[in-house]
Amino acid sequence: MSRLPAGMYLPGASCLHRLDPLVKLVGFVIFIAAVIVTDSVWGYALLAVFIGGLIVLSGIPLNTIFGPVRRTYLFFLTIFFMNGFFFSAADPLWSRWFFCLSWAGMIQGANVVLRLIILIIAGGILTATTSPMEITAALRRLLKPLGYVGIPVDILSLIISVAIQFIPVLFEEVETIRKAQTARGARFDSARLRERAESMFPLVIPVFLAAFRRADELALAMEARGYRCGKKRSEVAKNSLHLWDIGALFIVLGVLMVQIFVF
Amino acid sequence: MMTTVKKAIITAVCAALCVVLPTAFHAVPNAGSIFLPMHIPVLLAGLICGWSYGLICGLIGPLLSTLFTGMPPMAYLPSMLIELAVYGAATGLLMSLVHTREIYTDLYISLIGGMLIGRIVAGLSRALIFAGGSYSMAAWATSYFATALPGIVIQLVLLPSIVFALERARLIPMRYPQ
Amino acid sequence: MPIVLENVSFTYGTGTPFETVALREIDLRIADGEFVGVMGHTGCGKSTLIQLMAGLLTPAHGKVMIDGADINGKGYPLANLRQRLSIIFQYPECQIFETTMEKDVAFGLKHSGLSAPEIQAKVCRALESVGFSFEEIRSLSPLELSGGEKRRVAIAGALVTEPQILILDEPVAGIDPVGRGDFLKLVSGLNRNGVTVLMVSHNTDVLGDYAERILVLDQGRLIMDGPTRSVFSDVEKLEKLRLGVCRPRKIAHLLKERGVQFPQDIVSYEDLLKAVIKSRKSVAVS
Ligand SMILES: Nc1ncnc2c1ncn2[C@@H]1O[C@H](COP(=O)(O)OP(=O)(O)OP(=O)(O)O)[C@@H](O)[C@H]1O
Ligand SMILES: [Mg+2]
């Protein structure tokens, strides 16, 4: 794993780190809903306080949290102006062709950008306090009930776990192929768009060939050992939720309810 | 015919490539938004394994990518999941419906159709979820077609080449065996 | 095009928790036409070293100079270097992607500025040097070949630029003995025509047979560098490094341990044979 670009996970022992990953995942989904329904200044203030509380609890350095937001400010500007200019309002400040600048549009733009920033920070807290393995395990627990409505959950979890195994392997494969083709003269960093586009071929085609060859070998090996989709595999029983896990869920739900009914 | 196990493993490998391929283009400025490297494995899973696997790959791939590399950031994940899942499902569905006896024609029809449907659905979902209904046609057209045009062209050339190479290397069954 | 490394260090993953120092303070000079073997335990930095020489990695400290110019300097024409230096990785067949053999082998000449007939002539020569008949196979798909044939196509793809420096990373791993022999003959033929060859290998026999100079790396440091005979003379040291020496040298060493008078400057099977024949003759005379 060491060669992967470092993800966002920061090992630690804060109470957010120790919260059940399933709760964090569900909480995050509820929080997304809360952010989407927010559209008043007081609403945003509540979200800010909530997020601030989470940051303090998690003990993650502020740089880690705000880094991704800072790095993508250009993207936010684009979103802001796209909303600001393309919003068709009745009382434009200025308009020409299909550009149309208006107060309403700018407020809309600010709304969208604020929501995105809050979600990025919340997502950052989730991934910084929960390892990818924990999240995928929680995801599988979350998916389990789908089995009762006929969705093949075992195939889904097979795909997830095999995909995770393959990530580091394929990462190295891609690096090797990139180097080999660079040595043969492929121009991945050319200034010309056309050359860069052409350089996709010597990289991407061999990567897929290598990946499918590995897939082929693994599938053959699994079938040879008698693996069938649909057969039950025993899973280690998970501890049930603790009191604080349930408490945390209620707090997030509370935020959502306040956003819907109060603001 | 491919077995369920084989289809599942291929889908898993494609999902892993959703994480890995974009990192290969990190060094290239703006490659992510121009070349859309994450779309390629999803479209391929749909083309080769069918619509349900394309859908699964479109959901799992971006999710794993966010978890492992932090790209795309969590906040863009929901709209990206919807977009990619639709690409995978739509291309897969078209591929199973269209049989012209000419593999390239099948591929182009499925790819163009899938990309179109995916962009329409993604635009709709973005309008409904993120901008509260005020997201305009023009904004949709610029973000999904104008800036993505090079990526679309590349995918239209690249994906048939990949499918062709995989058939040649006997890693997937021939669609129209001679 | 001599290769010179001045005080080169390299670290992977700088600034992450997984920082690994792969090379430390390497000083090295490789002259034109040398055949240099590189050995060392797994993870000692061999691949890193040769990738630095090929301009695929940039050193953290120090300079890599080829033909007197710093290849990581501003404005250095790396594209030009790629026409004169080729590198073959362990499983080169993984780089094949074109629809025909001819196109795939020609990939390295894409930016060479040569005319189509010139390119075709070079591709033809490269494919024939690895034992294919150009006219028969030029328009076949390289993806339908067997593993060993694919490897030969990939090697042709690296040789097509007619490089002055050829770098090989574990080239003989996973080929059958006949293929290995053919390949090594090809490489040593190129070397005789003046091509500088740098070969990373765990196979001490191959190095003993072909390399005239050996570099030994240990934990990122260059700890031995000299003519094959003198590097292989210190059997104990190499065995302590868990590397060992080539079999002919080992046999000579074992004979000496048993108290047999036997020359110790042996590295290839050829040397061993000569020494055995000579000692038989001297026995016969006395
Ligand atoms: N891309 C990478 N990222 C991080 N560390 C790496 C990377 N490549 C190599 N390393 C580390 O650097 C060190 C030197 O690696 P290198 O590949 O040069 O060794 P090697 O001598 O070629 O080994 P082998 O004989 O196994 O091929 C090792 O500790 C290795 O784990
Ligand atoms: Mg190596």
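Residues numbered from 1 in each chain as written. Chains lettered and ligands numbered in written order. Predicted model: local features only at pLDDT ≥ 70, side-chain atom pairs only at ≥ 80, totals over all residues. Heavy atoms only, no water.

**Student:** Lay out the overall build of chain B in plain terms, naming residues and giving numbers.
**Tutor:** In terms of helices and strands, chain B carries 8 helices and 0 strands. In sequence order, the secondary structure elements of chain B are arranged as α-α-α-α-α-α-α-α. Here chain B holds 178 residues, and 66% of them are scored as buried. Of all intrachain contacts in chain B linking residues separated by at least 6 positions in sequence, the fraction that spans at least 24 positions is 67%. (Helix = DSSP H or I, 4+ residues; strand = E, 2+ residues; numbered from the N terminus. Buried < 20%, exposed > 50% of the residue type's maximum accessible area, 1.4 Å probe, protein only. Contact = heavy atoms within 4.5 Å.)

**Student:** Which residues make up the overall build of chain A, and what values go with them?
**Tutor:** Each helix and strand counted, chain A has 11 helices and 2 strands in total. Counted from the first residue to the last, chain A has its helices and strands arranged as α-α-α-α-α-β-β-α-α-α-α-α-α. In chain A, which comprises 263 residues, the proportion classed as buried is 48%. In chain A, the proportion of contacts linking residues at least 24 apart, taken out of those at least 6 apart, comes to 70%. Roughly 13900 Å² of accessible area belongs to chain A as shown, and the carbon and sulfur atoms make up 67% of that amount. (Areas by Shrake-Rupley, 256 points an atom, 1.4 Å probe, with all protein chains shown as cover.)

**Student:** Run through the interface of chain B and chain C, naming residues and quoting values.
**Tutor:** The interface is formed by 5 residues belonging to chain B together with 4 residues belonging to chain C. Interface area for chain B against chain C, summed over the two sides, is near 410 Å², with a carbon-plus-sulfur share of 58%. Joining chain B to chain C, the criterion identifies 1 salt bridge. The closest approach of N and O atoms between Glu144 of chain C and Arg168 of chain B, which form a salt bridge, is 3.0 Å. The tally of links from chain B across to chain C stands at 1 residue pair in polar contact (both at pLDDT 80 or more). Here the residues of the side of chain B that touches chain C sort into 3 nonpolar, no polar and 2 charged. (Buried area = accessible area lost by both parts, 1.4 Å probe. Salt bridge = Lys/Arg side-chain N within 4 Å of Asp/Glu carboxyl O. Polar contact = N/O pair within 3.5 Å; in protein donor to acceptor, adjacent residues only side chain to side chain. Nonpolar A, V, L, I, M, F, W, Y, C, P; charged D, E, K, R; others polar.)

**Student:** I'd love a proper account of the side chain of Asn111 of chain A, names of residues and values included.
**Tutor:** Residues and elements named next belong to chain A. Along the polypeptide, Asn111 turns up in helix α6 (residues 103-129). Asn111 sits in the buried class, given a relative accessible area of 14%. Ignoring sequence-local partners within four residues, the contact set of Asn111 consists of Thr38, Asp39 and Tyr44.

**Student:** A description of the side chain of Glu34 of chain C should follow, citing residues and the corresponding values.
**Tutor:** All names here are of chain C. Along the chain, Glu34 falls in the loop between β2 (20-30) and β3 (35-40). For Glu34, a relative accessible area of 13% corresponds to the buried category. Within the structure, the side chain of Glu34 is placed 2.7 Å from the backbone nitrogen of Ala31, a separation counted as a polar contact. For Glu34, the residues in contact, after removing those within four places along its chain, are Arg29, Asn191, Val195, Thr196, Val197, Glu212 and Arg213.

**Student:** Could you give an account of the site of ligand 1, with specific residues and numbers?
**Tutor:** If you check the shell around ligand 1, you find 12 residues, and the closest are Gly43, Gly45, Lys46, Ser47 and Thr48 of chain C. In this structure, ligand 1 is bordered by residues of chains A and C. At a separation of 3.3 Å, an oxygen atom of ligand 1 approaches a polar backbone atom of Cys44 of chain C. Contact between ligand 1 and Lys46 of chain C: an oxygen atom at 2.7 Å from a side-chain N or O atom of the residue. Protein contact buries 73% of the 630 Å² of open area that ligand 1 shows by itself. Counting only elements with at least two residues in the shell around ligand 1, the list comes to β2 and α1 (46-53) of chain C. (Near = heavy atom within 4 Å.)

**Student:** Tell me about a nonpolar patch on the surface, residues and numbers included.
**Tutor:** Together, Val37, Trp42, Leu241, Ile246, Phe250, Leu253, Met257, Ile260, Phe261, Val262 and Phe263 of chain A make up a nonpolar patch on the protein surface, roughly 1100 Å² of accessible area in all. With 6 residues, the single largest contributor to the nonpolar patch is helix α11 (residues 243-261) of chain A. (Patch = residues over 30% accessible without salt bridge, like charges linked within 9 Å, V, L, I, M, F, W, Y side chains within 5 Å.)

**Student:** Talk me through the sheet that holds strand β8 (residues 196-200) of chain C; I want residue IDs and the actual numbers.
**Tutor:** Residues and elements named next belong to chain C. Across the sheet, which stays open at both edges, the 6 strands sit in the order β6-β7-β8-β3-β9-β10 with mixed pairing between neighbours. The open sheet has two edge strands with one neighbour each: β6 (85-88) and β10 (221-227). Taken over all neighbouring pairs, the strand axes of this sheet differ in orientation by 15° on average, direction set aside. Alignment of strand β7 (residues 165-169) against β8, held across 5 bridges, turns out to be parallel. For Leu166, the partnering residue across the bridge sits in β8 and is Val197. (Pairing = 2+ DSSP bridges. Axes fitted to C-alpha atoms, helices over the stretch in contact; angles between N-to-C directions.)

**Student:** Describe the packing of helix α1 (residues 4-24) of chain B against helix α3 (residues 39-49) of chain B, and please don't skip the residues or the numbers.
**Tutor:** All names here are of chain B. Where α1 meets α3, the closest approach of the two axes is 8 Å, and the angle between their N-to-C directions is 165°. Regarding the angle of α1 to α3, the classification is roughly antiparallel. Every pair of crossing elements has a handedness; the one defined by α1 and α3 is right-handed. Here Lys7, Ile10, Thr11, Cys14, Leu17, Cys18 and Leu21 of α1 lie close against α3, whose contacting residues are Pro41, Val42, Ala45 and Cys49. Here the residues of the contact of α1 with α3 are counted per class, giving 9 nonpolar, 1 polar and 1 charged. (Parallel < 35°, antiparallel > 145°, perpendicular 65-115°, else oblique. Left-handed = near helix turned anticlockwise from the far one by under 90°.)

**Student:** So, the pairing of β7 of chain C: which residues are in play, and what are the values?
**Tutor:** Residue and element names in this part refer to chain C. Taken across its 5 residues, β7 has 5 buried, putting it largely inside the fold. Where burial is concerned, the two faces of β7 agree: the one with Ile165, Ile167 and Asp169 and the one with Leu166 and Leu168 are both buried. In terms of strand pairing, β6 meets β7 through 4 bridges, oriented parallel. When the sheet's bridge partners are listed, Ile87 is paired in β7 with Ile167.

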